[in-house]
Amino acid sequence: MPLTSEELKTWQARWQNASPEQILEESVELFGANKIAFATALGMEGIVILHYLYRTGLHHAVEVFLLDTGLLFPETYDLLRTVEARWQIRIRRYEGLPLEQQRALFGDRLWLRNPDMCCFLRKVLPLRRALSGKDAWITSIRREQSPTRQHTECIEWDARNGLYKINPLAYWTWDQVQAYVREHDLPYNPLHDQGYPSIGCMPCTTPIREGEDWRAGRWRGRAKLECGIHQ
Ligand code: SF4
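The model shown is predicted, which means the values in this text are computed figures rather than measured ones. (Residues numbered from 1 in each chain as written. Predicted model: local features only at pLDDT ≥ 70, side-chain atom pairs only at ≥ 80, totals over all residues. Heavy atoms only, no water.)

### Looking at the overall build of the protein chain
Thinking step 1. Within the protein chain, the regular secondary structure consists of 8 helices and 6 strands.
Thinking step 2. Along its sequence from the N terminus, the protein chain presents helices and strands in the succession α-α-β-α-β-α-β-α-α-α-β-β-β-α.
Thinking step 3. Computed over the C-alpha atoms, the radius of gyration of the protein chain is 17 Å, within 12% of the 17 Å expected from 2.2 N^0.38 for a compact globule of 231 residues.
Thinking step 4. Oriented by its inertia axes, the alpha-carbon framework of the protein chain measures out at about 45 × 35 × 35 Å.
Thinking step 5. Pairs at least 24 apart in sequence give 69% of the contacts found in the protein chain among residues at least 6 apart.
Thinking step 6. Carbon together with sulfur atoms contributes 49% to the accessible area of the protein chain, which is approximately 10900 Å² in total. (Helix = DSSP H or I, 4+ residues; strand = E, 2+ residues; numbered from the N terminus. Rg over C-alpha atoms; globule rule 2.2 N^0.38 Å. Contact = heavy atoms within 4.5 Å. Areas by Shrake-Rupley, 256 points an atom, 1.4 Å probe, with all protein chains shown as cover.)

### Observations regarding unusual backbone geometry
Thinking step 1. Backbone geometry at Gln 88 places phi at a positive 50 degrees, although glycine is not the residue there.
Thinking step 2. By secondary structure assignment, the location of Gln 88 is in the loop between α4 (74–87) and β3 (92–95).
Thinking step 3. Looking at Gln 88, the relative accessible area reads 61%, which means it is exposed.
Thinking step 4. Phi is positive for Arg 109, close to 50 degrees, though the residue is something other than glycine.
Thinking step 5. Residue Arg 109 is classed as partly exposed on the basis of its relative accessible area of 46%. (Buried < 20%, exposed > 50% of the residue type's maximum accessible area, 1.4 Å probe, protein only.)

### Observations regarding helix α8 (residues 174–183)
Thinking step 1. Taken together, the buried positions of α8 are Trp 174, Val 177, Tyr 180 and Val 181. Mapping the buried residues of α8 onto a view down its axis gives an arc of 130 degrees, with all of them on the same face. Residues of α8 that are exposed and point more than 90 degrees away from the buried face comprise Asp 175, Arg 182 and Glu 183.
Thinking step 2. At its buried positions, α8 is contacted by α3 (44–55).
Thinking step 3. Downstream of α8 by a residue or two, Asp 185 has a phi angle that is positive, lying close to 50 degrees. (Arc of directions from axis to C-beta.)

### Quick notes on empty space enclosed by the protein
Thinking step 1. A complete count under the given rule lists 3 cavities of 30 Å³ or more for this structure.
Thinking step 2. Considered as a void within the structure, the largest cavity measures approximately 510 Å³ in volume.
Thinking step 3. Together, 30 residues line the largest cavity, and Thr 40, Ala 41, Ile 199, Arg 218 and His 230 are the ones closest to its centre.
Thinking step 4. When contributions to the lining of the largest cavity are tallied by element, the ones reaching two or more residues are α3 and β2 (63–68).
Thinking step 5. Looking at the lining of the largest cavity, the element that brings in the most residues is β2, giving 3 residues. (1 Å grid on protein atoms, 1.4 Å probe; cavity = no way out; pocket = protein on both sides within 12 Å on 5 of 7 lines; lining within 4 Å. Points joined across faces, edges and corners; volume = space filled by probe spheres on them.)

### A closer look at the site of the ligand
Thinking step 1. The ligand sits among Leu 71, Trp 111, Pro 115, Cys 118, Cys 119, Arg 122, Cys 201, Cys 204 and Trp 219.
Thinking step 2. Because more than half of its atoms lie within 2 Å of the grid, the ligand is assigned to the second largest cavity.
Thinking step 3. Split by residue class, the shell around the ligand holds 8 nonpolar, no polar and 1 charged. (Near = heavy atom within 4 Å. Sits in = over half its atoms within 2 Å of the grid points. Nonpolar A, V, L, I, M, F, W, Y, C, P; charged D, E, K, R; others polar.)

### Considerations on the pattern of salt bridges
Thinking step 1. Scanning all chains against the criterion turns up 11 salt bridges.
Thinking step 2. Taking the shortest distance from any N to any O, the salt bridge between Asp 108 and Arg 103 comes out at 3.2 Å.
Thinking step 3. Among the salt bridges present, the one from Glu 153 reaches Arg 143, with a minimum N-O distance of 3.2 Å. Taken together, the positions of Glu 153 in the loop between β4 (136–138) and β5 (155–158) and Arg 143 in the loop between β4 and β5 put the pair 10 residues apart, joining distant regions of the chain.
Thinking step 4. Residue Glu 153 is classed as buried on the basis of its relative accessible area, which comes to 18%.
Thinking step 5. The structure contains a network of salt bridges with shared partners spanning Glu 45, Arg 142 and Glu 144. (Salt bridge = Lys/Arg side-chain N within 4 Å of Asp/Glu carboxyl O.)

Right, here's the structure in full:
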């Protein structure tokens, strides 16, 4: 459902101070539940959005999916099972090339030599499959997370993927996210308490030190800040 640039600006202004609940409900009215999907890596922000979907009763209507690289932390897979059981939902996994095949074609531990190619194979291509036929996708990104995300709006045209992107937490702070999780006693990845504000694949995620940027632990030592699905 294409929006004019004026309509897009109107929605952006309307949602700047709206609750995630309102944004999710109005997104579904705008695009239709079967035309929206929610991508989550089960970080704390993703848990907040899942809870809002649950509160609004949209958790069964909107497809929720995980890009399963096969290289996620055991804690992330544990959380996946916990969340599915708690909210009685099935989070769909979209996987990349089998790791053995990747090894045979591109060599061992591609993430060390060419992380962009590895992310392309394990995240970008599966994302394209997941978003095929959709008009909008919901993400957990926030302005505060990195310089590359500082201008994020609650709704944007995602030219990279050819559909709209809904970011209900665009204006939230990390403190707000943590407070919400505490207030509602939600499950979350225990790695967040061990210095990992941003949790991706095991080989490419390290804890951050005091004063470091929120995503400094991702692809440490490289200029890379994004896996290619958002930027
Ligand atoms: S984050 Fe690392 S291991 Fe995961 S897909 Fe990207 S390069 Fe590969």
